[in-house]
Amino acid sequence: MHKLAAAVDRLSAFILDMDGVLYIGEVPVRVAAEAVAYLRRKGKKLAFVTNKSTYTRRVYARKLAQMGIAAHEPEIVTSAYATSLYLQRRAPGARIYAIGEPGLKRELEQAEFKLLPDARAEEADFVVVGMDRAITYKKITAGLRALLAGAELIATNPDGLYPTETGISPGAGAMIGALVGSSGKRPKVVIGKPSTHMIKISLGVLGSTPSETAIVGDKLDTDVLVGKRAGLTTILVLTGVSS
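Below is a summary of the structure that appears in this document. (Residues numbered from 1 in each chain as written. Predicted model: local features only at pLDDT ≥ 70, side-chain atom pairs only at ≥ 80, totals over all residues. Heavy atoms only, no water.)

**Quick notes on the layout of surface pockets**
Turning to step 1, where the next piece is worked out: The computed volume of the largest pocket comes to approximately 520 Å³.
Turning to step 2, where the next piece is worked out: If you go around the largest pocket, you meet 20 residues; those closest to its centre are Leu4, Ala35, Leu39, Val216 and Val237.
Turning to step 3, where the next piece is worked out: Among the secondary structure elements, those contributing two or more residues to the lining of the largest pocket are α1 (2-10), β1 (13-17) and α2 (32-41).
Turning to step 4, where the next piece is worked out: When residues of the lining of the largest pocket are assigned to their parent elements, the largest contribution, five residues, is made by α2. (1 Å grid on protein atoms, 1.4 Å probe; cavity = no way out; pocket = protein on both sides within 12 Å on 5 of 7 lines; lining within 4 Å. Points joined across faces, edges and corners; volume = space filled by probe spheres on them. Helix = DSSP H or I, 4+ residues; strand = E, 2+ residues; numbered from the N terminus.)

Set out below in structure tokens:
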């Protein structure tokens, strides 16, 4: 604990993973709100990140507020938002077939991409895949046909699973695996952790450097790994996936 307290004093900014760190599903992690409030009182700069692409940043801000955690929309970085920024730089206005939930599609629409329906998936420049709890054979078929027609596969994140109130559930990796297995095409890019895309965006939000920033996460293979890759201090909590 002394080492952790010393790290908190030394660092000026913290990137906080959300799922498994601040909450599990809709249940707040015990004392998470108090910990965030403590960091605020200490004058630390905070960014809130998640590999999940299911909600917009505005919805996540509301969710955190309902749990007693103050977070402003510009402080939140989701894999959906990071994916929209990546594609804006690479192919603004591109045609996209998206497999995912409303948060992913809304972020892409706000970035002025053209989202295609199942019947026109083969016209897509990109197939963007995130977690989809309403995944169907029809969606996988449409995505497959788009890839075979020449679209590039973009993965919002590689998570095979994520924690819920009732236990571990499949993540976006399950949807990506279906398309990789059927098409033989691997993702052109993976946006979420352990890729450093979201960390670079978060450092920009914070206005901080890696040496003065820590990432707090619950997974060794994403949060801690990306922290090591980006040169951050890494702090692992045992409230989510890794135990």
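**What about the packing of helix α4 (residues 79-90) against helix α8 (residues 197-206)?**
Turning to step 1, where the next piece is worked out: Two elements in contact, α4 and α8, have axes separated by 10 Å at closest approach and are oriented at 90°. One element, α4, and the other, α8, form an angle in the roughly perpendicular class. Of the residues in α8, those in contact with Ser79, Tyr81, Ala82, Leu85 and Tyr86 of α4 are His197, Met198 and Ile201.
Turning to step 2, where the next piece is worked out: When grouped by side-chain class, the residues that make up the contact of α4 with α8 number six nonpolar, two polar and no charged. (Axes fitted to C-alpha atoms, helices over the stretch in contact; angles between N-to-C directions. Parallel < 35°, antiparallel > 145°, perpendicular 65-115°, else oblique. Contact = heavy atoms within 4.5 Å. Nonpolar A, V, L, I, M, F, W, Y, C, P; charged D, E, K, R; others polar.)

**Re empty space enclosed by the protein**
Turning to step 1, where the next piece is worked out: According to the stated counting rule, one finds two cavities of 30 Å³ or more in the structure shown.
Turning to step 2, where the next piece is worked out: Taken as a whole, the largest cavity holds about 120 Å³ of empty space.
Turning to step 3, where the next piece is worked out: Contributing to the lining of the largest cavity are 15 residues, with Asp17, Asp19, Asn51, Asp159 and Lys219 lying nearest its centre.
Turning to step 4, where the next piece is worked out: Considering each element in turn, the lining of the largest cavity owes the most residues, three residues, to strand β10 (residues 161-164).
Turning to step 5, where the next piece is worked out: Residues that form the lining of the largest cavity fall into these classes: four nonpolar, three polar and eight charged.
Turning to step 6, where the next piece is worked out: Its volume calculated, the second largest cavity comes out at about 40 Å³.

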